[in-house]
Amino acid sequence: MSDADEIRMVACETHGEYRSRLDAKSGRWSRCWGCVEAELLALDSLARAKEAAEQRALELEHHLAESGLEGRLLAARFSNFIARTPAQQKVLDACQSFVEPVEADVCRNLWLVGGVGVGKTHLGAAMVSHFIRERGMPAALLSAREVIRQMRANWGRSKDARALGESEEEVVERLGRVGLLVLDEIGAGFDSDADRVQLFDVIDLRYRLGLPTVVLSNLVAKDMKPILGERTYDRLREGASLLTCNWKSNRTGVQ
């Protein structure tokens, strides 16, 4: 068979006329290279999208594992916070607005105060969840005592044991740089100068980086100053909004 017999001109609806060659072994004519190339690019795009989705899933799992959210708090969302009164709706709207992106170099903090069982921790968890799930950023909800516990986790351990955990400096770096830090239970078992110094290291780094911090407490703002210490208090109050949850507890038996 001559070369002329092995090649024919074929019209592709997408790419126009092309030279198709007969494969002697399979008996098949070659396809339009433009179509083949487009299919290869589509397959590559699908593979990249799958890889990106898998990476996002791994990052989500990692962020949630380090978020401090456990049990029912993992399910906390703005959408399942029940706002029965205008006051509750106002606080809910403010919390939702707080977690939306803002201009660079605008440092914002939020203080959410009120009695036991009014939903402060639910809203704090919802803010953390929003940062992780919607914005793809690390965030954490921790009690002030838990922050100190993590910083001291390696105290008194052997050199080999310390190598397996985070140093105090590494905890400061991690919590100081998460997209959002929600501090819960300010005032509960947090009363030594050493506690205040260590918490200040985290808050000071966030202050210098312009990262948002949320404070949750049963105490009024002025009563937290001696607990937090003047320096930490001042940094958290600068540029902060204050939301008061002044409604009855949702918990049965709590007045």
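Residues numbered from 1 in each chain as written. Predicted model: local features only at pLDDT ≥ 70, side-chain atom pairs only at ≥ 80, totals over all residues. Heavy atoms only, no water.

A. Local environment of the pairing of strand β6 (residues 213–217). For β6, the buried fraction is high: 5 of the 5 residues fall into the buried class. Side chains T213, V215 and S217 project from β6 onto one buried face, and the interleaved V214 and L216 project onto a second face that is buried too. Direction of pairing for strand β3 (residues 109–114) relative to β6: parallel, over a ladder of 5 bridges. Along β6, the bridge assignment pairs L112 with L216. (Buried < 20%, exposed > 50% of the residue type's maximum accessible area, 1.4 Å probe, protein only. Helix = DSSP H or I, 4+ residues; strand = E, 2+ residues; numbered from the N terminus. Pairing = 2+ DSSP bridges.)

B. Here's a closer look at the packing of aromatic side chains. Evaluated as defined, the whole model comprises 1 aromatic pair. With centroids separated by 5.5 Å and ring planes inclined at 80°, the aromatic side chains of W111 and Y233 adopt a geometry described as edge-to-face. Here W111 is found in strand β3, whereas its partner Y233 is found in helix α10 (residues 230–237), with 122 residues between them in sequence. With respect to burial, W111 and Y233 carry one shared label: buried. Of note, R8 hangs over the ring of W29, and the distance from its end group to the ring centre comes to 4.1 Å. Just above the ring of F131 sits the side chain of R135; from NZ or CZ to the centre is 4.4 Å. (Phe/Tyr/Trp six-rings, centres within 6.5 Å; stacked < 30°, edge-to-face > 60°. Lys NZ or Arg CZ within 6 Å of the ring centre and 35° of its normal.)

C. Structural context of the state of the cysteines. According to the stated counting rule, one finds 0 disulfides in the structure shown. Here C245 stays unpaired: no disulfide links it, and the sulfur of C95, its closest cysteine neighbor, is 7.2 Å away. Since its relative accessible area comes to 2%, C245 is described here as buried. (Disulfide = S-S within 2.5 Å.)

D. Main features of the side chain of T232. Among the secondary structure elements, T232 is positioned in helix α10. Relative accessible area serves as the criterion here: at 2%, T232 is assigned to the buried category. If near-sequence neighbours (up to four positions away) are discounted, T232 is found in contact with R196, L199, F200 and I203. (Contact = heavy atoms within 4.5 Å.)

E. Inspection of the pattern of salt bridges at higher detail. Within the structure shown, the criterion is met by 11 salt bridges. R152 is the partner of D195 in a salt bridge, and the nearest nitrogen-oxygen pair spans 2.9 Å. With D195 in helix α8 (residues 193–209) and R152 in the loop between α5 (144–151) and α6 (159–164), this residue pair connects regions lying 43 residues apart in the sequence. A relative accessible area of 3% places D195 in the buried class. According to the relative accessible area criterion, R152 is partly exposed, its value standing at 23%. (Salt bridge = Lys/Arg side-chain N within 4 Å of Asp/Glu carboxyl O.)

F. Structural detail: the packing of α8 against α10. Axis separation between α8 and α10 bottoms out at 9 Å; the angle between their running directions is 30°. When the axis of α8 is compared with that of α10, the two are roughly parallel. Once α8 is placed against α10, the crossing between them reads as left-handed. Mapping the contact onto sequence places R196, L199, F200, I203, D204 and Y207 in α8 and R231, T232, R235 and L236 in α10. For the contact of α8 with α10, the class distribution of residues is 5 nonpolar, 1 polar and 4 charged. (Axes fitted to C-alpha atoms, helices over the stretch in contact; angles between N-to-C directions. Parallel < 35°, antiparallel > 145°, perpendicular 65-115°, else oblique. Left-handed = near helix turned anticlockwise from the far one by under 90°. Nonpolar A, V, L, I, M, F, W, Y, C, P; charged D, E, K, R; others polar.)

G. Structural view of the environment of A221. Within the secondary structure, A221 sits in helix α9 (residues 221–228). Take A221: its relative accessible area is 12%, and that puts it in the buried class. For A221, the contacting residues outside a window of four places in its chain are W111 and Y233.

H. Looking closely at α8. Between its terminal C-alpha atoms α8 stretches 24 Å, which fits the 24 Å expected from 17 residues at 1.5 Å a residue. Where α8 is concerned, the buried positions are D195, R196, Q198, L199, F200, V202, I203, D204, L205 and R206. Buried positions along α8 lie against α5, α7 (168–177), β5 (180–184), β6, α9 and α10. Looking at the residues trailing α8, positive phi occurs at G210, about 70°. (Expected span 1.5 Å × (residues − 1).)

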